[in-house]
Amino acid sequence: MILKIDFNSDEAFYLQLCNQIILGIATEAICEGDALPSVRTLADQIGINMHTVNKAYSMLRQEGFVKLDRRKGAVIALDINKLQAIQELRQNLSVVLARGICRDVSRKEAHQLVDEIYDLFSKGSDRRTE
């Protein structure tokens, strides 16, 4: 998986990095047990500060996507807490849907969009069929 930072984006670099890693997990470009590059290596590869990569890895650890191993570094390790995930999803979707409603996006259009995105992430995966 190739991680790229949009240096012209208003989104913080560490958030871009977190989001790309989470998208990589969702699309199975990165799998449980895969080691991420070291902080120094990734910072050099994408041209950002090591502290920024460290912040992204720490955030991913706090959110249950990564564990830090002394020998392997940052490793994808999903701490699955479905109730917590649903609560976070509800909070995030509330704001996104409110923005859509303010811009006249219909319920049907929102449902279609959610289905399209979900299908994109769940291709080839049995764990997301329920």
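Scroll up a little and you will see the structure.
On a predicted model such as this, the values are computed, not experimentally measured, just so you know. (Residues numbered from 1 in each chain as written. Predicted model: local features only at pLDDT ≥ 70, side-chain atom pairs only at ≥ 80, totals over all residues. Heavy atoms only, no water.)

**Observations concerning the packing of aromatic side chains**
- Per the stated rule, a full pass over the model turns up one aromatic pair.
- An angle of 75° between the planes, with centres 5.2 Å apart, marks the rings of Phe7 and Phe13 as edge-to-face.
- When its relative accessible area of 48% is taken as the criterion, Phe7 is described as partly exposed.
- What makes Phe13 partly exposed here is its relative accessible area of 29%. (Phe/Tyr/Trp six-rings, centres within 6.5 Å; stacked < 30°, edge-to-face > 60°. Buried < 20%, exposed > 50% of the residue type's maximum accessible area, 1.4 Å probe, protein only.)

**Looking at the packing of helix 1 (residues 13-26) against helix 3 (residues 50-62)**
- In contact at an axis separation of 8 Å, helix 1 and helix 3 are set at 50° when each is read in the N-to-C sense. Judged by the angle between their axes, helix 1 and helix 3 are oblique. Handedness of the helix 1/helix 3 crossing: right-handed. Between helix 1, through Phe13, Tyr14, Leu15, Leu17, Cys18, Ile21 and Ile22, and helix 3, the contact on the second element is made entirely by Thr52, Val53, Lys55, Ala56, Tyr57, Met59 and Leu60.
- When grouped by side-chain class, the residues that make up the contact of helix 1 with helix 3 number twelve nonpolar, one polar and one charged. (Axes fitted to C-alpha atoms, helices over the stretch in contact; angles between N-to-C directions. Helix = DSSP H or I, 4+ residues; strand = E, 2+ residues; numbered from the N terminus. Parallel < 35°, antiparallel > 145°, perpendicular 65-115°, else oblique. Left-handed = near helix turned anticlockwise from the far one by under 90°. Contact = heavy atoms within 4.5 Å. Nonpolar A, V, L, I, M, F, W, Y, C, P; charged D, E, K, R; others polar.)

**Things to note about the side chain of Gln20**
- Assignment of secondary structure puts Gln20 in helix 1.
- Classification of Gln20 as buried rests on a relative accessible area of 19%.
- Apart from residues lying up to four places away in sequence, Gln20 is in contact with Met1, Ile2, Leu3, Lys4 and Ile5.

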